[in-house]
Amino acid sequence: MKFDVVLPILGFEDVKSFDLEKIDDNFFKLKSDKVTFTLINPFLLRSDYDFEINENEQKALQIDDNTNFLVLNTMIVNTPFIESTVNFAAPIIFNMDKKLMGQVILENSNYGLTEPLKNFIKSEK
């Protein structure tokens, strides 16, 4: 599914559109001709993940109370997988109705840029 970028991904400001490819209910690939990101559903990992985006970001993404939207976070995938990290401080928001997307930076939040996946996975002992 192709999305137009209205709030650029940091470091990739020149990329104007991405294809979002669903791997399963929790993992996605975000691809352009220049870069591919692995994305994860943050609510799979943390039930306390909650934030608000400002009015300018809402306008750019054309999001209101009736918008169907999706929130995903970038991952750095490592080997072993449990050593991967998640960027909770800069989610990527997708307006599923209008096919718009953008990365927002959560100012003054306690969310990290590279939080270890293992901190959110319960080990079986």
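Data block above holds the structure.
Residues numbered from 1 in each chain as written. Predicted model: local features only at pLDDT ≥ 70, side-chain atom pairs only at ≥ 80, totals over all residues. Heavy atoms only, no water.

**Q** How should the overall build of the chain be read in this particular structure?
**A** Along the chain, the regular secondary structure elements total two helices and nine strands. For the chain, the succession of helices and strands along the chain, N to C, is β-β-β-β-α-α-β-β-β-β-β. Expected size for 125 residues packed as a compact globule is a radius of gyration near 14 Å; at 14 Å, the chain falls within 12% of this value. For the chain, the C-alpha atoms occupy an extent of roughly 45 × 30 × 25 Å along the three principal directions. The proportion of buried residues among the 125 residues of the chain is 42%. Summarising the internal contacts of the chain: among those between residues at least 6 apart in sequence, 55% fall at separations of at least 24. For the chain, the accessible surface area stands at approximately 7,700 Å², while carbon and sulfur atoms represent 48% of it. Separation between the mean location of the 13 positive side-chain charges and that of the 20 negative ones in the chain comes to 5 Å. (Helix = DSSP H or I, 4+ residues; strand = E, 2+ residues; numbered from the N terminus. Rg over C-alpha atoms; globule rule 2.2 N^0.38 Å. Buried < 20%, exposed > 50% of the residue type's maximum accessible area, 1.4 Å probe, protein only. Contact = heavy atoms within 4.5 Å. Areas by Shrake-Rupley, 256 points an atom, 1.4 Å probe, with all protein chains shown as cover. Lys, Arg positive; Asp, Glu negative; His and termini not counted. Charge placed at Lys NZ, Arg CZ, Asp CG, Glu CD.)

**Q** Looking at this structure, I do not really get the pattern of salt bridges. What am I missing?
**A** Counted by the stated rule, this structure contains seven salt bridges. Where Lys31 meets Glu21, a salt bridge forms, and the shortest distance between an N and an O atom there is 3.0 Å. Here Lys31 is found in strand E3 (residues 27–31), whereas its partner Glu21 is found in strand E2 (residues 17–22), with ten residues between them in sequence. Glu21 sits in the partly exposed class, given a relative accessible area of 33%. Note that Glu115 is salt-bridged to Arg46, the shortest N-O span being 3.2 Å. Of this pair, Glu115 sits in strand E9 (residues 115–116) while Arg46 sits in the loop between helix H1 (42–45) and helix H2 (55–61); the two residues are 69 residues apart in sequence, bridging distant segments of the chain. By relative accessible area, Glu115 is classed as buried at 14%. Note on Arg46: relative accessible area 10%, which makes it buried. (Salt bridge = Lys/Arg side-chain N within 4 Å of Asp/Glu carboxyl O.)

**Q** Help me out: how do you make sense of the packing of aromatic side chains in this one?
**A** Here a ring pair, both rings aromatic, is described through the centre-centre distance and the interplanar angle of the planes. All chains considered together, the criterion is met by nine aromatic pairs. Among the aromatic residues, those joined into a cluster by ring pairs are Phe43, Tyr49, Phe51, Phe88, Tyr111 and Phe120. Directly above the aromatic system of Phe88 lies the positively charged group of Arg46, at a separation of 4.8 Å from the ring centroid. (Phe/Tyr/Trp six-rings, centres within 6.5 Å; stacked < 30°, edge-to-face > 60°. Lys NZ or Arg CZ within 6 Å of the ring centre and 35° of its normal.)

**Q** Before we go on, may I ask you to explain the environment of Glu13 in this structure?
**A** Mapping Glu13 onto the fold places it in the loop between strand E1 (2–7) and E2. Residue Glu13 is classed as partly exposed on the basis of its relative accessible area of 40%. A polar side-chain atom of Glu13 sits 3.1 Å from the main-chain amide nitrogen of Gly11. (Polar contact = N/O pair within 3.5 Å; in protein donor to acceptor, adjacent residues only side chain to side chain.)

**Q** Any chance you could explain the environment of Val71 here in plain terms?
**A** Structurally, the position occupied by Val71 is in strand E5 (residues 69–76). With a relative accessible area of 8%, Val71 lands in the buried category. Through-space distance from the C-alpha of Val71 to that of Ser32 is 19 Å; in sequence the pair is 39 residues apart. Among residues more than four places away in sequence, those in contact with Val71 are Pro42, Phe43, Tyr49, Phe51, Pro91, Ile92 and Ile93.

**Q** Can you help me understand the pairing of E1 in this one?
**A** On a regular strand, one side chain projects to one face of the sheet and the next to the other, so that they alternate. Alignment of E1 against E2, held across three bridges, turns out to be antiparallel. The residue of E2 that forms the bridge with Lys2 is Asp19. (Pairing = 2+ DSSP bridges.)

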